[in-house]
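Chain and residue survey
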Amino acid sequence: MDKCKFIVISGIILLYAGSSTVCESAVLRGDDLIIKRPWVDARFYGSSLNSSTIYSAINSIGTSELTLLLTPGTWQITGTVIVPRNITLRLERGCKISVNSGITFEVNGPIECGTNYAFDGDGIIKLKNVREIYPEWWGAKGDGLDASAATNTTAIRRALNCLSRSTISFQPSSGTNLGSFIGATTQLKFLGGHYKINDQIELPGYVDVEGCGQTIIEQTNQQKGIFKGWAYQTRISKITFLNGTRQLYFYNPNVDSTIIVIDQCQFHLSSDYAIYTCGTTGGGFVYSLASPANAGSKQITITDTGGLNASDTIVIYNNVSEPHLTYIDSVSGSTVNIRNAVPQYWTGTNAAGSGARAEVSDFHMSAKLNIERCKFIKPRKVMMNVCDYSTIRNSWVWVDGGNFEPDSAVFYNAMGVLILDKMMGMPSMGIEGARLARVRWIDQAEGRGWPTGIQAKNSRFGGEDGGIPIVYSYVKPATQYPFMGGHINITDCLACGGPAAQPDSAIINLRQGLPQLINIVNNDNILVPYIFNDGQFSLSQVISSLPQPNMVHIKISPNMHLNAGPLIPTELEPFVVSDSYR
């Protein structure tokens, strides 16, 4: 086989293929890379830039280890193309592969295209042997311009579709449940830049999304979230999220062994929870809304409320099946009073249009959610948790009354255990009497039969005279075997809990019941009661109804306390393991 001929003009080496179609070594023109292996130029195998030409080149290569070169221009893929593993596909700058809808373009070997705009069309693209893919391959622009929002939304969706189609996942032949999946996926890599989008983007169950530390994704549509994902094996790292409603929203039908990792991310100015989780198991009772679930309202109207009871978990869906998980406080006729207001960004049309409904079911997720080294800067709220275990570690949380919802919590622990470890919490909710009404760090909910737990350690719940209560507890003692109810552990924290002048200020504010295990140990700068009964229920009645007298355990010692008022309700004195807290 003849080798390539070289022509030197003014010190520039040009290629002349002559009668040969394979080169053993060559230097390509301009700023292209040096190719140190034989390559084939696909142009020699057809008169048009299309799938037929590419296939002819592939057939000519056969089983040889070669590079297939596609030169600048749009290569129209109208028939299925499968590039085998022995071929490295190289796309020169300016080369674009446009795949028709319903057509598959699959690359099983390596691909070389830098971060250039390389793919287009609505067809199926599978890249089976790459370490990472870039949204730039589909035309994304990190230029920070509003005009790029629609382009970026489409490009990121196409990149994620490619990632999903390239993922290897299966259930073993002996598997008998959804928790036995095996799978692996490549990484979606964002470059440094400011990517604006205009719609919510769906994530697949296997996904690894990473920025470079200088990546910003901004939602320009304030009625939309940023990423929504059917979570199973999920990792998101080194991205700053700006604006939008729910910036990360995860769901699945309670699939065992789900792990979600969020690392080194920032969340700015969300108009709802920055991170939201809600299971989709279903199978419960579905109710029709008789009128719109208006934004900001704590009441909904249901046509037939039969079977609804106070303390039921209820999820209200708008017309695009977006959930609002809350609890029922009371039912009166067709009026249902709910604990957490309908999201502010919902409109009457969205809340009660076609598909809007309410459902009582099991919404928890058998998942482990890890949030590490993140910043939350002025979100409306930080997180809704329904995962078995959720941990926020080494993170900064700054909440501000200018973008916060009155009578709500920074963290809503609806189900499972919420762990705050080495968290720096800074509230700017106003000082003393001017503080935003009834705001708090954590809501501990009943958990719908699943004991909820709060574990805070080595964390700061700051604010001093501008602080806020740490926990509003709605959990009740378990009345059935094995009688294991909710728990609250607050240890080694700077636990201001708000100024004593505010009536609801406390480390733990009892709202409807009593956790069965309370530990408040080794904390500093406490300005308020340890435990306070907010008068929403009869604590004496709850205690007298305990199936066993030793069901409740309280430890409060030692702490640095700066308040001389009542420290716990007198009804709880018999349950304290020592009186050194005095």
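Residues numbered from 1 in each chain as written. Predicted model: local features only at pLDDT ≥ 70, side-chain atom pairs only at ≥ 80, totals over all residues. Heavy atoms only, no water.

What about unusual backbone geometry?
The criterion, for reference: Helix and strand assignments come from DSSP, with helices taken as H or I runs of at least 4 residues and strands as E runs of at least 2, each series counted from the N terminus.
A cis amide bond, omega -20 degrees, links Ser557 with the succeeding residue Pro558. By the secondary structure assignment, Pro558 is in the segment after strand S52 (553–556). Notably, Ser321 is not glycine yet its phi reads approximately 60 degrees, a positive angle. Residue position: Ser321 is located in the loop between strand S31 (313–317) and strand S32 (323–332). Notably, Asn394 is not glycine yet its phi reads approximately 50 degrees, a positive angle. Mapped onto the elements, Asn394 comes out in the loop between strand S38 (387–393) and strand S39 (396–400).

What about the sheet that holds strand S33 (residues 335–338)?
Formally: Pairs of strands are assigned from DSSP output, requiring at least two bridges between the strands. In this description, a line fitted to the C-alpha atoms serves as the axis of each element, helices being fitted only across the stretch in contact, and the angle between N-to-C directions of two axes falls anywhere from 0 to 180 degrees.
The six strands lie next to each other as S29-S34-S31-S32-S33-S30, forming an open sheet whose pairing is antiparallel. What marks the edges here is a single partner per strand, and that holds for strand S29 (285–287) and strand S30 (299–301). Strand-to-strand twist across the sheet, computed as the mean angle between neighbouring axes with direction ignored, equals 40 degrees. One ladder, built from three bridges, connects S30 with S33; its direction is antiparallel. Looking across to S33, one finds that Thr301 is bridged to Thr335.

Description of the sheet that holds strand S9 (residues 81–83)
What counts is decided by this rule: Contacts: residue pairs with any heavy atoms within 4.5 Å of one another.
Strand order in this open sheet of three strands is S9-S12-S15, and the pairing throughout is parallel. Two strands close off the open sheet at either side, each with one partner strand: S9 and strand S15 (124–127). Within this sheet the neighbouring strands show an average axis-to-axis angle of 5 degrees, counted without direction. With three bridges connecting them, S9 and strand S12 (residues 104–107) associate as parallel partners. In the sheet register, Ile82 faces S12, and the bridge partner there is Glu106. Across the sheet, helix H1 (residues 51–61) lies against S9 and S12, angled at about 35 degrees from S9, the strand it touches most.

Points about a nonpolar patch on the surface
Put simply, the test is: Only residues whose relative accessible area exceeds 30% and that take part in no salt bridge are eligible for patches, with like-charged residues grouped when within 9 Å of each other and nonpolar side chains (Val, Leu, Ile, Met, Phe, Trp, Tyr) grouped when within 5 Å. Using a 1.4 Å probe, accessible areas were evaluated by the Shrake-Rupley method; residue-level cover was limited to the displayed protein chains. A side-chain nitrogen of Lys or Arg and a carboxyl oxygen of Asp or Glu constitute a salt bridge if their distance falls within 4 Å.
Judged by side-chain polarity, Ile168, Phe170 and Ile182 come together as a nonpolar surface patch covering roughly 300 Å² of accessible area. Tracing the sequence through the fold places Ile182 in strand S18 (residues 182–184).

So, the side chain of Ser459
Applicable threshold: Distance and chemistry together define a polar contact, namely a pair of N or O atoms within 3.5 Å, with one atom able to donate a hydrogen and the other to accept it when in protein, and with adjacent residues in sequence counting only for side-chain atoms on both sides.
Assignment of secondary structure puts Ser459 in the loop between strand S44 (453–457) and strand S45 (460–461). Among the polar contacts listed, one links the side chain of Ser459 to the backbone oxygen of Leu420, at a separation of 3.4 Å. Among all residues touching Ser459, those that are not within four sequence positions of it are Leu420, Asp421, Lys422, Met423, Asp492, Cys493 and Leu494.

Some remarks on the pattern of salt bridges
For clarity, the threshold we go by: Note on classification: 1.4 Å probe, protein chains only; a residue is buried when its accessible area is under 20% of the maximum for its type, exposed when over 50%, partly exposed between these limits.
Tallied over the full model, the rule gives 26 salt bridges. Note that Asp199 and Lys224 form a salt bridge whose closest N and O atoms lie 3.6 Å from each other. With Asp199 in the loop between strand S20 (193–197) and strand S21 (201–203) and Lys224 in the loop between strand S22 (206–219) and strand S23 (227–230), this residue pair connects regions lying 25 residues apart in the sequence. With a relative accessible area of 30%, Lys224 lands in the partly exposed category. The salt bridge involving Arg235 is made with Asp208; its shortest N-O contact spans 2.7 Å. Taken together, the residues Arg235 in strand S24 (residues 233–242) and Asp208 in strand S22 connect sequence positions 27 residues apart. By relative accessible area, which is 25% here, Arg235 ends up partly exposed. Relative accessible area serves as the criterion here: at 18%, Asp208 is assigned to the buried category. Ionic contacts of the salt-bridge type, sharing partners, join the residues Lys189, Asp208, Glu210 and Arg235 into one network.

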